[in-house]
Amino acid sequence: MTETPALELIDVHAAYGRIEVLHGVDLTVPRGCVVALLGPNGAGKSTTLRVASGQMPPTSGHVHLSGHHLNGADPDRLARAGLCTIPEGRGVFPNLSVDENLRLFAYTAKVGEKDIRERTFAQFPRLQERRSQLAGRLSGGEQQMLAMARALATDPALLMLDELSMGLAPLIVEQLYELVAEIAATGVSVLVVEQFARRALAVAQYAVVMVGGRVTAVGEPADIESQLSEAYLGGAA
Ligand code: ATP
């Protein structure tokens, strides 16, 4: 018998008002795998993450998290089921310092403050140097590191990342993806959304391409890469 996937979307439809933007999306994240969700602007990638993370109910179809049917479950229940989402725009508190952000993460994740601080600073020495600075004043890469520290604090079963590389220098993107690979190596399943694909494909075991609210290709990175144009793959990402 095959293992229950970390995440499974089956024939998911979703709409903003009366306008349907997901027209029957099927997507599977096997346990312990990194899956890259790729596609051009407006393809429906973020909407797919919103549905998968309980922020938006599907109009029809099914969302299964580790085999549990979780359509329309609230984000708290999904967090308890092991889901952690880092949204586009990163989900840190810009008006709080790095230290204060960590304190809040510890509180919401119900883990010790000392514990999360030690883990974060071991993983991201840069954040230790900047611990008194407001998160809003950090560079984009440092903010992304802080957001990932939150994700790691919760020991998630499934981590969903939206546009990890957005607005970041190639070297930083490289480092963050190395971290994604390390996180996956500890057994965490990862779904990563990217508009430009090269970095995500380098760490992913599977890739899913969406266009116009539909999945148009699923496969191993090498197969998908050969189908995507150079312009689409993007130099930096
Ligand atoms: P991007 O990389 O630009 O974020 P995406 O692949 O993540 O693209 P979505 O953001 O999911 O795509 O958008 C899918 C479709 O839904 C687009 O046509 C978009 O205009 C529309 N859409 C997205 N968010 C909303 C919203 N809050 N209200 C109405 N329509 C929306």
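The residue count restarts for each chain, going from 1 along the sequence in the order it is written. Given that this is a predicted model, residues contribute local features only at a pLDDT of at least 70 and side-chain atom pairs are listed and counted only at 80 or more, while totals for whole chains, interfaces and linings are drawn from all residues. Hydrogens and waters are ignored; side-chain quantities use all the structure's heavy atoms.

1. With respect to the nonpolar core
We count it as follows: By nonpolar core we mean a set of buried residues, namely Ala, Val, Leu, Ile, Met, Phe, Trp, Tyr and Cys, connected to one another through side-chain atoms within 4.5 Å. The classification of residues rests on relative accessible area computed with a 1.4 Å probe and restricted to protein chains. Under 20% of the type maximum is buried, over 50% is exposed, and intermediate values are partly exposed. A run of H or I in DSSP counts as a helix once it spans at least four residues, and a run of E counts as a strand once it spans at least two, with each numbered from the N terminus. An automatic or database domain assignment provides the domain bounds reported here.
Ranked by size, the top nonpolar core spans 48 residues in total, and within it Leu38, Leu146, Met148, Leu159, Val180 and Val190 carry the most contacts. With 8 residues, the top contributor of residues to this core is helix α6 (residues 140-153). The residue makeup of this core includes at least three contributed by each of domain 1 (1-82 + 156-237) and domain 2 (92-155). By size, the runner-up hydrophobic cluster in this structure holds 28 residues, among which are Val12, Ala43, Leu49 and Met210.

2. Re the pattern of salt bridges
Our working definition: Salt bridge, as used here: a side-chain nitrogen of Lys or Arg that lies within 4 Å of a carboxyl oxygen of Asp or Glu.
For the structure on display, the rule yields 11 salt bridges. With a shortest N-O distance of 3.4 Å, lysine 114 and glutamate 118 are connected by a salt bridge. Highlighted residues: lysine 114 and glutamate 118, both in helix α4 (residues 113-123), separated by 4 residues, approximately one helical turn. Among the ionic pairs, arginine 198 bridges to glutamate 225, the shortest N-O distance being 3.6 Å. In this pair, arginine 198 sits in helix α8 (residues 198-203) while glutamate 225 sits in helix α9 (residues 221-227), placing the two residues 27 residues apart along the sequence. One connected set of salt bridges, linked through shared partners, spans Asp99, Arg103, Glu113, Arg117 and Arg131.

3. Notes on the domain arrangement of the protein chain
For interface size, the figure often reported is the accessible area lost on association. The following threshold applies: Every residue pair with non-hydrogen atoms within 4.5 Å of one another is taken to be in contact. Here the quantity called buried area is the total loss of accessible area, with a 1.4 Å probe, experienced by two parts when brought into contact, counted for both. Side-chain atoms alone can form a polar contact between residues adjacent in sequence; in general such a contact is a pair of N or O atoms within 3.5 Å, and within protein one must be able to donate a hydrogen while the other accepts it. Residues are grouped as follows: Ala, Val, Leu, Ile, Met, Phe, Trp, Tyr, Cys and Pro are nonpolar; Asp, Glu, Lys and Arg are charged; every other residue, Gly included, is polar.
Taken domain by domain, the protein chain consists of domain 1 (1-82 + 156-237) and domain 2 (92-155). On a C-alpha basis, the centres of domain 1 and domain 2 stand 24 Å from each other. With 13 residues of domain 1 in contact, the opposing surface of domain 2 contributes 11 residues. Between domain 1 and domain 2, a total of about 910 Å² is buried, with carbon and sulfur atoms accounting for 79% of that surface. By the criterion of area lost to domain 2, the three top residues of domain 1 are Pro156, Leu176 and Leu179, representing 48% of everything that side buries. Linking domain 1 to domain 2 there are 0 salt bridges. Run the count over domain 1 and domain 2 and you get 2 residue pairs in polar contact (both at pLDDT 80 or more). By residue number, the principal contributor to the side of domain 1 that touches domain 2 is helix α7 (residues 170-185), which donates 7 residues. Here the residues of the side of domain 1 that touches domain 2 sort into 10 nonpolar, 1 polar and 2 charged.

4. Brief notes about the site of the ligand
Selection criterion: Nearness is defined per residue: one heavy atom within 4 Å of the molecule or strand is enough. Note on areas: Shrake-Rupley, 1.4 Å probe, and residue coverage restricted to the protein chains presented here.
As a matter of local geometry, the ligand sits amid 14 residues, with Asn41, Gly42, Lys45, Ser46 and Thr47 nearest to it. Separating an oxygen atom of the ligand from a side-chain N or O atom of asparagine 41 is a distance of 2.3 Å. Within the side chain of lysine 45, a nitrogen or oxygen atom sits 2.8 Å from an oxygen atom of the ligand. Protein chains bury 61% of the 630 Å² of accessible surface belonging to the ligand in isolation. Top element by residues in the shell around the ligand is helix α1 (residues 45-52). It accounts for 4 residues.

5. Quick notes on α4
Quick reminder of the rule: Directions pointing from the helix axis toward each C-beta atom define the arc.
Of all the positions in α4, only Ile116, Arg117, Thr120 and Phe121 are classed as buried. Down the axis of α4, the smallest arc covering the buried residues is 120°, so these residues share one side. Set apart from the buried face of α4 by more than 90 degrees, the exposed residues are Lys114 and Ala122. Tucked into the core, α4 has its buried residues touching α3 (98-109), α5 (125-129) and α6.

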